[in-house]
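The lines below spell out each chain.
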Amino acid sequence: MSRYDAIIIGTGQAGPSLAERLAKAGQRVAIIERGRFGGTCVNNGCTPTKTLIASAYVARLAQRAAEYGLRAGGRLVVDMARVKARKDALVDSSRTSLENWLRSLPDVTVYAGHARFVDAHTVAVGADRLTGERIFIDVGGRPHVPNLPGLEQVSWLTNESMMDVDFLPEHLLIVGGSYVGLEFGQMYRRFGSKVTIVEMAPRLIGREDADVSDAVREILAAEEIEIRLDAKCIALEATQSGVLLRLDCATGEPVAAGTQVLLAVGRVPNTDDLGLRAAGIETDARGYIRVDEALRTSAENVYALGDCNGRGAFTHTAYNDYEIVADNLLNGTNRKVGDRIPIYGLFTDPPLGRVGLSEAEARRAGYRLLIGRMPMTRVARAREKGETQGFMKVLVDADSKHILGAAILGVGGDEAVQSLVDAMYGHLPYTEVQHGVRIHPTVCELLPTVLSELAPA
Ligand SMILES: Cc1cc2nc3c(=O)[nH]c(=O)nc-3n(C[C@H](O)[C@H](O)[C@H](O)COP(=O)(O)OP(=O)(O)OC[C@H]3O[C@@H](n4cnc5c(N)ncnc54)[C@H](O)[C@@H]3O)c2cc1C
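Values in this document were obtained by computation on a predicted structure and should not be read as measured data. (Residues numbered from 1 in each chain as written. Predicted model: local features only at pLDDT ≥ 70, side-chain atom pairs only at ≥ 80, totals over all residues. Heavy atoms only, no water.)

What exactly am I supposed to notice about the packing of aromatic side chains here?
What characterises a pair of aromatic rings is the spacing of the ring centres plus the angle enclosed by the ring planes. Counted under the stated rule, the structure contains 6 aromatic pairs. Measuring from ring centre to ring centre gives 6.2 Å for Tyr 4 and Tyr 111, while their planes differ by 90°; the resulting arrangement is edge-to-face. Separated by 107 residues along the polypeptide, Tyr 4 in strand β1 (residues 2-9) and Tyr 111 in strand β3 (residues 108-112) bring together distant segments of the chain. The same class applies to Tyr 4 as to Tyr 111, namely buried. Centroid distance Tyr 179 to Tyr 344: 6.0 Å. Interplanar angle 90°. Geometry classified as edge-to-face. Residue Tyr 179 is located in helix α5 (residues 179-191), and its partner Tyr 344 is located in strand β17 (residues 343-346); the two are separated by 165 residues in the primary sequence. On the accessibility criterion, Tyr 179 (17% relative accessible area) is buried. (Phe/Tyr/Trp six-rings, centres within 6.5 Å; stacked < 30°, edge-to-face > 60°. Helix = DSSP H or I, 4+ residues; strand = E, 2+ residues; numbered from the N terminus. Buried < 20%, exposed > 50% of the residue type's maximum accessible area, 1.4 Å probe, protein only.)

Given below as structure tokens:
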């Protein structure tokens, strides 16, 4: 039996930083990883997808070269093996440097293997038994594989197996019109595949406002991505050339034929094989570990951080979980997960940057709303770049004058939306943002104009 002050399960976005911080505070730490160091973000999520999206963006710009007065020599060739090699190089270097760094930390012991609770203070990793004063669970999630009729007949892809694709699918079918499906869909269309996105709901990215999801659909459709909505019953069949999706759609043919199919229908937490019951750790009906505002589980001195607690599904939320737990334990603060303002991006091109409440959420909460909305054609920098698709929308509470939320779908929207978040954390009235001077020409410089044209809605 090896004894530690802290045991951390998982080396995703919360675990490694927590290991270093606890060790620096004088604790003996064990960290356990059963798969590839760095977890989803580094290996199958943010890093590889944004690297591939960068290649796809260059492909798109090269196709549009003539619009910018450039004559490129001959037909553009997308070399998928090299696109993948570029992605692999970045992923490998991030993973290796993380692993080397973790192994080099004084007072941190790295275990490779699957961790399972024996009781609330004891974890088994292979033949090893570790006990810890405190245990931190950061086990993340994996792709959800839905129980669709005919799935066993075809070989399907997920965001994980997509990472091994080094060829151009002739026609990629994507089941799921949310963040992961849309990013892959646009990327592969730009590489040269035909792409069909099939979504069960009546619109794409259903948690966004209808004006946002409609604008995203129009942007994708303009690149000749076929979008099939309202696909209530989806079944799969193997064909000679690949896959046939049977769809019960409101519009269009009752089938979609393709050569490969990607399942992008959400994620499930890696909590089913952790032995949680032996430790008295409760989950909700979907397997997410129940936590309080300080990320404590139902077992004393056991915490759950990152995607597995269901309180966030992003790298920055997992990292913020680490900061909350570490500050509360080591600095005596009383930080709470509920103090976090939701913020995230959809990395299509143009990207969608989102912060705070959506319009639908703000209406449901009963706010008296002021809304500013402007098309990206009003942004000088967007016109100069030849990238004017999208719009920005800012929501303000008419009573407190506080900014409630914003959506910026447009070039630089993922960066520009963040210029509002400090005012939101600081509870500043929107007039403070409106009166601040911005750099010209940038996307942010239009925000004061948007705020000067707020109207009751
Ligand atoms: C395609 C895709 C794109 C994404 N893009 C973005 C993006 O652009 N921006 C963003 O913010 N987020 C993005 N995300 C989400 C982001 O990757 C996750 O929110 C983030 O990785 C969560 O971190 P985590 O620490 O909770 O879990 P993970 O990163 O999943 O890490 C969990 C780790 O725990 C290990 N583990 C699990 N069970 C055990 C066990 N029993 N024993 C030992 N080890 C175990 C796993 O092997 C894994 O390494 C994306 C996700 C996907 C799928």
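Is there a simple way to think about the pairing of strand β14 (residues 260-263) in this case?
On any regular strand, side chains alternate: one points to one face of the sheet, the next to the other face. The side-chain alternation of β14 yields two buried faces, one formed by Gln 260 and Leu 262 and the other by Val 261 and Leu 263. As defined by bridge partners, strand β8 (residues 171-175) adjoins β14 across 4 bridges and the pair is classed as parallel. In the strand pairing of β14, Leu 172 is matched with Gln 260. (Pairing = 2+ DSSP bridges.)

Explain α5 here, please?
One full turn of an α-helix is made of 3.6 residues, so residues set three or four places apart face in the same direction. If you check α5, its first and last C-alpha atoms are 19 Å apart, about what 13 residues at 1.5 Å a residue would give, namely 18 Å. Among the 13 residues in α5, 11 count as buried, and that is most of the element. Downstream of α5 by a residue or two, Gly 192 has a phi angle that is positive, lying close to 125°. (Expected span 1.5 Å × (residues − 1).)

Could you clarify how one ought to interpret the packing of helix α1 (residues 15-24) against helix α8 (residues 315-330) in this entry?
When two helices pack together, their arrangement is given by the angle between their axes and by how far apart the axes lie. With their axes 9 Å apart at the nearest point, α1 and α8 run at an angle of 20° to one another. Relative to α8, α1 is oriented roughly parallel. Seen from above, α1 lies across α8 with right-handed handedness. Contact residues: α1 offers Ser 17, Leu 18, Arg 21 and Leu 22, while α8 offers Tyr 319, Tyr 322, Val 325, Ala 326, Asp 327 and Leu 330. Counted by class, the contact of α1 with α8 contains 7 nonpolar, 1 polar and 2 charged residues. (Axes fitted to C-alpha atoms, helices over the stretch in contact; angles between N-to-C directions. Parallel < 35°, antiparallel > 145°, perpendicular 65-115°, else oblique. Left-handed = near helix turned anticlockwise from the far one by under 90°. Contact = heavy atoms within 4.5 Å. Nonpolar A, V, L, I, M, F, W, Y, C, P; charged D, E, K, R; others polar.)

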